[in-house]
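The chain contents come next:
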Amino acid sequence: MDIRKKITELKRERNAVIVAHYYAPPEVQDVADFLGDSLGLSRIAAGTDAETIVFGGVHFMAETAAIISPEKKVYAPAPDAGCSLADSVDAASLRKWKKEHPGGIVVSYVNTTAAVKAETDYCCTSANAVKVVESLPEGCEILFGPDRNLGAHIMKTTGRRMSLWDGVCTVHDVITPGMIREAAERYPDADILVHPEASCSSSEDILSGDNIFFYSTAGMLAHARKSEKKRFVIATETDTLHQLKKENPGKIFIPVSPGIVCREMKKVTLDGILGCLEKGEGEIRLEAGLRERALLPIRRMLEIG
Ligand code: SF4
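For clarity, every value in this text was computed on a predicted model and none was experimentally measured.

Caption draft 1: Representation of the overall build of the chain. Of the regular secondary structure elements, the chain holds 14 helices and twelve strands. With the C-alpha coordinates aligned to their principal axes, the bounding extent of the chain is approximately 55 × 50 × 30 Å. Counting every position in the chain, which comprises 305 residues, the buried fraction comes to 48%. A separation threshold of at least 6 residues defines the contact pool for the chain, and within that pool the share at least 24 residues apart is 62%.

See below:
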């Protein structure tokens, strides 16, 4: 039987929902019930009646779904798929950083392990990071991690000073100011949509302007949907183009470089999804106390809106 049909049948039998990140391979995106970015998907999956969530993303994403949905079984089709950001900080190093900055408020990007979230005061996403930082009392010390590019971009946008953890997304870090300048010259009619994890996002030369916009992946999709422009240069993970093209058949999407590929996300396969549904492989298990502590900074972030 075709693997897609098998997945659909088992999904029904197991009362499962499949969610996939925009960076997952196109064939995985195509079997998903919902597409989105990591926190958005965890929240969508939590709101369904499904008893089982299969999360088409790297490990921290499935773990975040397990933090939010303790009553559901959560599976990762590629449990060994990591993330350079999540791997750049562990709970012990974060505890040490906090000790060096007593009274500092820790804001962690959602791309972190449950153990790091448990040491965090507020979580944030690339879509709401500015809002979260702006909600904190003026004058307080903010320890922002683990993405130094996103952190520097937020400092530039809000004017707030923060201490930054020295981590990067190795995929987005290679997007330089030179690449954006070249794209702007080559495609003057296009909107250029840049992810704030890119190393160019804090450059003084590259500012949000008439045709340059900094967005989370979901923000890029929303922009392309409502824009009257015909061409867009996309400065993020290249498989984001799959959904952009599907949603906007009359528009042209050009990757800023075809080499912006997250190899870890490509470990998510249809075989892996089948393994979760058929054999219960890749189940995420979290100790209840850790889960509760990791949920707290997510709740605080959601209260900010
Ligand atoms: S694209 Fe970057 S942040 Fe996203 S999963 Fe890959 S390494 Fe992590």
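Caption draft 2: Examining the packing of helix 1 (residues 3-13) against helix 13 (residues 270-279) more closely. The N-to-C vectors of helix 1 and helix 13 enclose an angle of 30 degrees; their axes lie 10 Å apart at closest approach. Considered as vectors, helix 1 and helix 13 are oriented roughly parallel to each other. Considering how the two elements wind past one another, helix 1 and helix 13 form a crossing that is left-handed. Of helix 13, the residues touching helix 1 (which contributes Ile-3, Lys-6, Ile-7, Leu-10 and Lys-11) are Leu-270, Ile-273, Leu-274, Leu-277 and Glu-278. Class assignment of the residues belonging to the contact of helix 1 with helix 13 gives a composition of seven nonpolar, no polar and three charged.

Caption draft 3: Spatial organisation of the nonpolar core. Phe-55 and Ala-235 are the most contacted members of the largest nonpolar core, which has 92 residues in total. Among the elements that make up this core, the one with the highest residue count is helix 4 (residues 59-68) (seven residues). Setting aside chain neighbours within four positions, we find Ala-235 in contact with Ile-175, Ile-180, Ile-192, Leu-193, Val-194, His-195, Ala-198 and Val-256.

Caption draft 4: Spatial organisation of helix 9 (residues 148-158). Here helix 9 has its buried residues at Arg-148, Asn-149, Leu-150, Gly-151, His-153 and Ile-154. As for helix 9, its buried residues are in contact with strand 5 (105-109), helix 8 (129-134), strand 7 (142-145), strand 8 (163-164) and strand 10 (212-214). The first or second residue beyond helix 9 is Gly-159, which carries a positive phi of 75 degrees.

Caption draft 5: A look at the site of the ligand. In the region of the ligand, 14 residues are neighbours, and Cys-83, Ser-84, Cys-169, Val-171 and Cys-262 sit closest. For the shell around the ligand, the class distribution of residues is eight nonpolar, four polar and two charged.

Caption draft 6: View of the sheet that holds strand 7. Taken in spatial order, the four strands make up an open sheet running 6-5-7-8, and their pairing is parallel. Either end of the sheet is taken by a strand with one partner, and the two such strands are strand 6 (122-124) and strand 8. Pairing of strand 7 with strand 8 involves two bridges; the strand directions are parallel. The partner of Leu-143 across the bridge, within strand 8, is Ser-163. Contacting strand 5 and strand 6, helix 14 (residues 288-304) runs over the sheet at an angle of about 65 degrees to strand 6.

Caption draft 7: Here's a closer look at the sheet that holds strand 4 (residues 73-75). Taken together, the four strands give an open sheet; going across it, the order is 2-1-3-4, and neighbouring strands pair in parallel fashion. Looking along the sheet, the strands with just one partner apiece sit at the ends: strand 2 (34-36) and strand 4. Strand-to-strand twist in this sheet, taken as the mean axis angle between neighbours without regard to direction, amounts to 25 degrees. Pairing of strand 1 (residues 16-21) with strand 2, which is carried by three bridges, proceeds in the parallel orientation.

Rules of the game
- Residues numbered from 1 in each chain as written.
- Predicted model: local features only at pLDDT ≥ 70, side-chain atom pairs only at ≥ 80, totals over all residues.
- Helix = DSSP H or I, 4+ residues; strand = E, 2+ residues; numbered from the N terminus.
- Buried ≥ 20, exposed ≤ 12 C-beta atoms within 10 Å, placed from the backbone.
- Contact = placed C-beta atoms within 7 Å.
- Axes fitted to C-alpha atoms, helices over the stretch in contact; angles between N-to-C directions.
- Parallel < 35°, antiparallel > 145°, perpendicular 65-115°, else oblique.
- Left-handed = near helix turned anticlockwise from the far one by under 90°.
- Nonpolar A, V, L, I, M, F, W, Y, C, P; charged D, E, K, R; others polar.
- Core = buried A, V, L, I, M, F, W, Y, C linked by C-beta atoms within 7 Å.
- Near = placed C-beta within 6 Å.
- Pairing = 2+ DSSP bridges.

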